[in-house]
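Results of the structural survey
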Amino acid sequence: MVVSLGRYILPFCKLNKYGKVQKQFVRYDSLQSSPKILEHLKRKSLLRVRGNTVSNFLQGLITNDMKHFEEGSANIYALFLNIKGRVMCDVIIYRSQENNVYYIECDSRVADPLQKHLKMYRVRRKIDIDNLEDTVNVWVLFDPLSVTSKHNYQNKQELEGLIFPCGTLNNKVSKVVDDIMMYQDPRFSDLGIRILADSNIDKAQITKHLNSNVLDSTDNITHKAFRYKLGVPEGVDDLPPGKPLPLEVNCDYMHGISFHKGCYIGQELTARTYHTGVVRKRLMPLLFDEVPNKSFSYDDKILNESGVVVGKFRGIENQYGLGLMRIVESLNAKSLSLLDIKLKVSKPTWWPQESRAQSISG
């Protein structure tokens, strides 16, 4: 599904240091009146990678296919893997208005290790890799109510862990004005808009370009809680370097893996799993009746009514959590608990709605 940035952003036409932008007209409709939250993602950093061979260079390091940019995509979601096929970090890669320049958004805590990783594999290529942590901020604009009506914690879909080669959302729209770059989130449309802005640009300056009523995030409505409600992992807390497997964290469902490109670091295990056809465990959203009064640790066991382990805890924000769950067993459980705290698990509505009997396309 392709969703226009028009529901979020006012039309503009302006030249700036990022290059020329064509005028785009926005159609106003009822969707645009829904209040959105604009939040500065303080734990995000940008690396800028540039050079004549930068696309081929990144092609051999990420799970997604850089050829999507040749087809007009504005950004893509991807993972960097280690040589054992485990997730090193998750990223969003943005095409710049300049030729042969890309921005890589990552968790700030892996920015330096990722920069070193890129430099190690750069070898003798003429590629510059710069950390823009102090010069560019990452923001997100999202609608906290966009999934409320969809998430009723009922499990009507037939999907049972099938691997789904989604490819790309084919997002071809990006907008630039006053040193502010705006892109639709490449994973799926409910996640809203990613905004890259010079560090001297404040919230008010961004807001004036948005075609929405903008609210402040609160303790109950943060982007992290919003992601957990959807069942979306992001960053070091959810994806500790060297531990997760790409398919178990739903990278295929979030358009982040190409199963048809050439070799890349860590590909072998992912490709082998893909050819088996099914992943039995996946990250899924957890819902607690109220905010738990005790703390949990990564890998704490989630039990069904018989005391059988059906999942492991990954993270929590308010009453929303993430768990690596055995899909069938957890959905069929009569009750679930984590350290004697009751919880529910749901199958995300954004997962592909493919029947069990449907074969995987090659």
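Residues numbered from 1 in each chain as written. Predicted model: local features only at pLDDT ≥ 70, side-chain atom pairs only at ≥ 80, totals over all residues. Heavy atoms only, no water.

As for the state of the cysteines
Disulfides are covalent bonds that connect the sulfur atoms of two cysteines. Put simply, the rule is: Cysteine sulfurs are considered disulfide-paired once they come within 2.5 Å of each other.
Summed over all chains, the structure comprises 0 disulfides. We note that Cys 106 lacks a disulfide partner, and the nearest cysteine sulfur, in Cys 89, lies 6.0 Å from it.

A few points about the nonpolar core
Here is the rule: Residues belong to one nonpolar core when they are buried, are Ala, Val, Leu, Ile, Met, Phe, Trp, Tyr or Cys, and are joined through side-chain atoms within 4.5 Å. Each residue is assigned to one of three classes by its accessible area relative to the maximum for its type, calculated with a 1.4 Å probe on protein chains only: buried under 20%, partly exposed between the two thresholds, exposed over 50%. A run of H or I in DSSP becomes a helix once it reaches four residues, and a run of E becomes a strand once it reaches two; helices and strands are each numbered from the N terminus. Contact criterion: two residues are considered in contact whenever any of their non-hydrogen atoms come within 4.5 Å of each other.
Counting residues in hydrophobic clusters, the biggest one holds 52 residues, and the most contacted among them are Leu 46, Leu 196, Ile 302 and Trp 350. For this core, the element with the highest residue contribution is strand β9 (residues 136-142), accounting for 4 residues. The residues touching Leu 196, leaving out its near neighbours within four places in the chain, are Leu 46, Tyr 94, Tyr 103, Val 136, Asn 137, Val 138, Asp 179, Ile 180, Met 181 and Tyr 183. Of all hydrophobic cores here, the second largest spans 26 residues; its members include Leu 58, Phe 69, Val 110 and Ile 129.

Focus on unusual backbone geometry
For Val 123, which is not glycine, the phi dihedral falls at a positive 55 degrees. With respect to the element layout, Val 123 can be found in the loop between α3 (111-122) and β8 (128-131).

Notes on the packing of aromatic side chains
Operational definition: Classification of ring pairs rests on two measures: the distance between centres of Phe, Tyr or Trp rings, Trp counted by its six-membered ring, which must be within 6.5 Å, and the angle between planes, read as stacked under 30 degrees, edge-to-face over 60 and tilted in between. Over a ring means this: the NZ of a Lys or the CZ of an Arg is within 6 Å of the ring centre and within 35 degrees of the ring normal.
Considering all chains together, one arrives at 8 aromatic pairs under this definition. Members of the aromatic cluster, each reached through a chain of ring pairs, are Phe 288, Phe 296 and Phe 313. Positioned above the aromatic ring of Tyr 253 is the side chain of Arg 282, whose terminal nitrogen or guanidinium carbon lies 3.8 Å from the ring centre. Of note, Arg 314 hangs over the ring of Tyr 298, and the distance from its end group to the ring centre comes to 4.1 Å.

Comments concerning α3
Test applied: Working rule for helices: expected span equals 1.5 Å times residues minus one. Note: the arc covers the axis-to-C-beta directions of the helix.
If you check α3, its first and last C-alpha atoms are 16 Å apart, about what 12 residues at 1.5 Å a residue would give, namely 16 Å. Turning to α3, its buried residues number three or more, namely Ala 111, Leu 114, Gln 115, His 117 and Leu 118. Across the axial projection of α3, the buried residues extend over an arc of 160 degrees, all falling on one side. In α3, those exposed residues whose orientation departs by more than 90 degrees from the buried face are Lys 116 and Met 120.

As for the environment of Arg 48
Positionally, Arg 48 belongs in strand β4 (residues 44-50). It is 7.0 Å that separates the C-alpha atoms of Arg 48 and Val 101, two residues lying 53 residues apart in sequence. Not counting the four nearest positions on each side in its chain, Arg 48 is found in contact with Val 101, Tyr 102, Tyr 103, Asp 128, Ile 129, Asp 130 and Leu 132.

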